[in-house]
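# Overview (structure and organization)
Okay, here's what each chain looks like letter by letter:
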Amino acid sequence: MSLDRIDIAILDCLQKDGRMSNATLAEKVGLSQSACSRRLDILEKTGVIRGYHARLSNKMLGHPVTVIVNISLSGQADKQLREFEAAVRRCPNVLVCYLMSGEYDYLLRIAAKDLEDYERIHKFWLSAMPHVTKINSSFALREVADRTGLGVETALIEIAGG
């Protein structure tokens, strides 16, 4: 899907305030409410907008420790990847999981209550996942940036040809 400046403006507004009413959004981007609603519907149906979510604080929910975990598997056969990925989806502490190129097969972001909680996650979840041969854990000291997606400024630059 090709995005124009109005689509980008809609996305920019919604990234800042996903609870914004259609009337307010339409006013901010210079459209009628019906035209804004149609564009929003297209952005949702094409998958540009994947959903609307509340951003929760892991710290305030009692999980202030963020662990970045690199995982190596015994192989990369489709069956091994599917079995590992199914196990990852069952672990409630895994917030994000990526299949990677490079030295490790997967990168995970995990939320834990404290070091003892991470030890439990490591022992009973990660180590027990199928085909795992190596686990490398790093603890985040602080969060520097946490974006929900590609900045719309980047998309504007690409549209303008820069």
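Residues numbered from 1 in each chain as written. Predicted model: local features only at pLDDT ≥ 70, side-chain atom pairs only at ≥ 80, totals over all residues. Heavy atoms only, no water.

Looking at an unreviewed UniProt entry, the protein carries the name AsnC family transcriptional regulator, with the source organism given as Phyllobacterium myrsinacearum.

## A look at the sheet that holds strand β1 (residues 65–73)
This is how the line gets drawn: Here the rule is simple: two strands pair whenever DSSP picks up at least two bridges between them. By the criteria applied, helices consist of DSSP H or I runs no shorter than four residues and strands consist of E runs no shorter than two, each listed in order from the N terminus. The axes used here are C-alpha line fits, helices contributing only the stretch in contact, and every angle between their N-to-C directions lies in the interval 0 to 180 degrees.
Here four strands make up an open sheet; going across it, the order is β2-β3-β1-β4 and the pairing antiparallel. Edge positions in the open sheet fall to β2 (94–99) and β4 (132–139), since each of these has one partner strand only. For this sheet the average axis-to-axis angle between neighbouring strands, irrespective of direction, equals 20°. Pairing of β2 with strand β3 (residues 106–112), which is carried by five bridges, proceeds in the antiparallel orientation.

## Some details on the packing of aromatic side chains
This is how it is decided: Any Phe, Tyr or Trp ring, taking Trp's six-membered ring, that has another such ring centre within 6.5 Å forms a pair; planes under 30 degrees apart are called stacked, those over 60 apart edge-to-face, and the others tilted. Think of it in three bands: with a 1.4 Å probe and only protein chains considered, a residue is buried below 20% of the maximum accessible area for its type, exposed above 50%, and partly exposed in between.
This structure, assessed with the given rule, holds two aromatic pairs. When the ring of Phe84 is compared with that of Tyr106, the centres are 4.5 Å apart and the planes differ by 40°; the resulting orientation is tilted. Pair noted here: Phe84 is in helix α4 (residues 78–90) and Tyr106 is in strand β3, with a separation of 22 residues, a long-range link. Ring geometry for Tyr118 and Phe139: centres 5.4 Å apart, planes at 90°, overall edge-to-face. Here Tyr118 is found in helix α5 (residues 115–126), whereas its partner Phe139 is found in strand β4, with 21 residues between them in sequence. Using a relative accessible area of 5% as the deciding quantity, one classes Tyr118 as buried.

## Looking at the UniProt feature "domain: HTH asnC-type" (unreviewed entry) in the protein
Our working rule: UniProt positions are given in the numbering used here, feature names are shortened, and annotations may be inferred rather than shown by experiment.
In this structure's numbering, the residues bearing the UniProt feature "domain: HTH asnC-type" (unreviewed entry) are residues 3–64. Taken end to end, residues 3–64 is 53% helix and 0% strand, and its first and last C-alpha atoms sit 37 Å apart.

## Details of the side chain of Asn70
Rules: Any two residues having at least one pair of non-hydrogen atoms within 4.5 Å are treated as being in contact.
Along the chain, Asn70 falls in strand β1. Exposure remark for Asn70: the relative accessible area of 17% places this residue in the buried category. Setting aside residues no more than four positions away along its own chain, Asn70 makes contact with Tyr104, Tyr106, Leu107, Lys134, Ile135 and Asn136.

## Looking at the domain arrangement of the protein
Note the cut-off: All domain edges in this entry derive from an automatic or database-based domain assignment.
Domain boundaries assigned for the protein yield domain 1 (5–46) and domain 2 (58–140). Computed from C-alpha coordinates alone, the two centres of domain 1 and domain 2 are separated by 37 Å.

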